[in-house]
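Letter by letter, the chains look like this.
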Amino acid sequence: MYSHRLRSVLLLLNTACIIILSIPTTVVAGGEKKKEEIEIKFWHSIGSYNKEVLSSLIQTFNKDQKQITVKGVFQGSTEDLYLKLLSQENLPDIVLTPVQLLPMLNKKGLLIPLDSFIPAKLKEDIEPRYWQTVTLDDSIRGIPFSFTTYTLFVNQHILRISGSREEKEPEAWEDIIPLIRRIRENLDGKWGIFIPMESTLHFVSFVKSYTGKSPFTDGKLTLYSPENVTAMRFLQNLVFKYQYMPPKMTISEAEQMFLSGNLGILMASSDSLVYMKSNLPYDLTQWHLPSAHNAPPTVSGSCLALLKSNAKRENYAFRFLEYLTSYESIVKWHTHTGTPAIRTS
């Protein structure tokens, strides 16, 4: 009888242990309960110098959170990011994407509407023209984050020692030729200019400024129009005919050449302004891209979008979006990059 009761008690204790161990909440030192940690995946194409400040913002957010950990993953160029999103394999919760990709991502059914997530205070603090860039079918599909354009960074020291006394910005691309010719002829081992062509945005920015017309027609990129061919022939001559521009060089290599004082003029994104000023040991001037046709600059915007998952993950992910677009985060991004602050306050 006693043995039977003992076996029953042991069986009950064993069952209780199994139930306790199966509970997902764990107990740590001091009897405190540790909440289940959720990892939020965040894809972006922010590389080089601006990647540091983005990583810093992610680290600060994670440090202040007990339940969410954001994992930022650099996906290469904008084109690489887009292709990986289209593959629809192991998709992230959040993506920082150029606004021009939103329609295609939305068409694939990847994005969720954010209208019900966005606080009224945030909505009012960002200008309507920025919200227009992320609104599709009367629904907000992203939160504006940063807007940039391509400009010319000019090493005034190189211009001066080459014999140029240019105070006025060139009005046309042809006006730059005398400046970069003097650099090549008068300064041994130094190059005149570098215009990158690594991305669609590089192509569009240069061609539009040269021809006065956007190479996009009805949403499609036109490569071989007579105007575009003329623009690209000008670029080709800079490299091969006149040898004012170094051939077979990446934008990263050109940036290092510029910062070392061996390149006079560099076409680069305006969000590298602070980095250039901090690292170039010479006088730096920033010029608009020349345009004899007075074409407005090509402005590129990026936004934060949520990809479809489940309601729980989407709510957690939006916390990070709110943090990245908070006043403190926007000020830090603006101070580091030099881009206009997206919030009016």
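Keep in mind that what you see is a predicted model, and the values were worked out from it rather than measured.

A. Representation of the overall build of the protein within the structure. A count of helices and strands for the protein gives 14 helices and 14 strands. Look at the contacts in the protein between residues 6 or more apart in sequence, and 72% of them connect residues 24 or more apart. In the form shown here, the protein has an accessible surface area of approximately 18800 Å², with 53% of it arising from carbon and sulfur atoms.

B. Spatial organisation of the side chain of Asp-271. Residue position: Asp-271 is located in the loop between β12 (263-269) and α12 (273-279). Buried charge Asp-271 goes without a salt bridge, the closest partner of opposite sign being Lys-277 at 14 Å. Leave out the neighbours within four places in its chain, and Asp-271 touches Tyr-49, Asn-50, Thr-148, Thr-337 and Thr-339.

C. Structural context of the pairing of strand β3 (residues 38-44). The element β3 is extensively covered by neighbouring structure, given that five of its seven residues are classed as buried. For β3 and strand β4 (residues 68-74), the ladder comprises seven bridges, and the chain directions are parallel. Bridging across to β4, Glu-39 finds its partner in Thr-69. Crossover connection from β3 via helix α2 (residues 48-63) to parallel β4: handedness right-handed. Looking at chain direction, β3 and strand β5 (residues 94-98) are connected through two bridges and run parallel. Paired with Phe-42 across the bridge in β5 is Ile-94.

D. Quick look at the pattern of salt bridges. Overall, the coordinates contain six salt bridges when judged by the stated rule. A salt bridge links Arg-313 to Asp-93, with the shortest nitrogen-to-oxygen separation between them at 2.9 Å. Within this pair, whereas Arg-313 is found in helix α13 (residues 311-324), its partner Asp-93 is found in the loop between α3 (78-87) and β5, the two being separated by 220 residues in sequence. A residue is classified by how much of its surface remains accessible, and Arg-313, at 24% relative accessible area, is partly exposed.

E. Representation of the packing of α2 against helix α14 (residues 327-337) within the structure. Contact geometry for α2 and α14: axes closest at 10 Å, N-to-C directions at 160°. Put simply, α2 runs roughly antiparallel to α14. Taken as a pair, α2 and α14 cross one another with a handedness that is right-handed. From α2, Tyr-49, Asn-50, Val-53, Leu-54, Ser-56 and Leu-57 reach across to α14, where they touch Ser-329, Lys-332, Trp-333, His-336 and Thr-337. Looking at the contact of α2 with α14 residue by residue, the classes come out as five nonpolar, five polar and one charged.

F. Looking closely at the packing of α2 against α13. Between α2 and α13, the least distance of the axes is 11 Å, while the angle of their chain directions is 125°. Here α2 lies oblique to α13, going by the angle between them. Our pair here, α2 against α13, has a crossing hand that is right-handed. Two secondary-structure elements touch here, α2 through Leu-57, Ile-58, Thr-60 and Phe-61 and α13 through Arg-319, Phe-320, Tyr-323 and Leu-324. Of the residues belonging to the contact of α2 with α13, the class tally is six nonpolar, one polar and one charged.

G. The arrangement of a nonpolar patch on the surface in detail. The grouping of Phe-216, Leu-221, Leu-223 and Tyr-224 at the surface amounts to a nonpolar patch, some 430 Å² of accessible area in total. Inspection of the secondary structure puts Phe-216 in strand β10 (residues 216-217). Take Phe-216: its relative accessible area is 39%, and that puts it in the partly exposed class.

H. Representation of the packing of aromatic side chains in the model. Using the criterion set out here, one finds 13 aromatic pairs in the structure. Ring geometry for Phe-145 versus Trp-333: centroids 5.1 Å apart, planes at 50°, classification tilted. Of this pair, Phe-145 sits in strand β8 (residues 143-155) while Trp-333 sits in helix α14; the two residues are 188 residues apart in sequence, bridging distant segments of the chain. Comparing Phe-145 with Trp-333, the two get one shared label, buried. Ring geometry for Tyr-210 versus Phe-234: centroids 5.2 Å apart, planes at 40°, classification tilted. Note that Tyr-210 is positioned in helix α9 (residues 200-211) and Phe-234 in helix α10 (residues 226-241), a separation of 24 residues in sequence.

Procedures and definitions
- Residues numbered from 1 in each chain as written.
- Predicted model: local features only at pLDDT ≥ 70, side-chain atom pairs only at ≥ 80, totals over all residues.
- Heavy atoms only, no water.
- Helix = DSSP H or I, 4+ residues; strand = E, 2+ residues; numbered from the N terminus.
- Contact = heavy atoms within 4.5 Å.
- Areas by Shrake-Rupley, 256 points an atom, 1.4 Å probe, with all protein chains shown as cover.
- Buried < 20%, exposed > 50% of the residue type's maximum accessible area, 1.4 Å probe, protein only.
- Lys, Arg positive; Asp, Glu negative; His and termini not counted.
- Salt bridge = Lys/Arg side-chain N within 4 Å of Asp/Glu carboxyl O.
- Pairing = 2+ DSSP bridges.
- Right-handed = clockwise from strand over helix to strand, strands pointing away.
- Axes fitted to C-alpha atoms, helices over the stretch in contact; angles between N-to-C directions.
- Parallel < 35°, antiparallel > 145°, perpendicular 65-115°, else oblique.
- Left-handed = near helix turned anticlockwise from the far one by under 90°.
- Nonpolar A, V, L, I, M, F, W, Y, C, P; charged D, E, K, R; others polar.
- Patch = residues over 30% accessible without salt bridge, like charges linked within 9 Å, V, L, I, M, F, W, Y side chains within 5 Å.
- Phe/Tyr/Trp six-rings, centres within 6.5 Å; stacked < 30°, edge-to-face > 60°.

Geometric descriptors of this kind do not, in isolation, establish any biological role.
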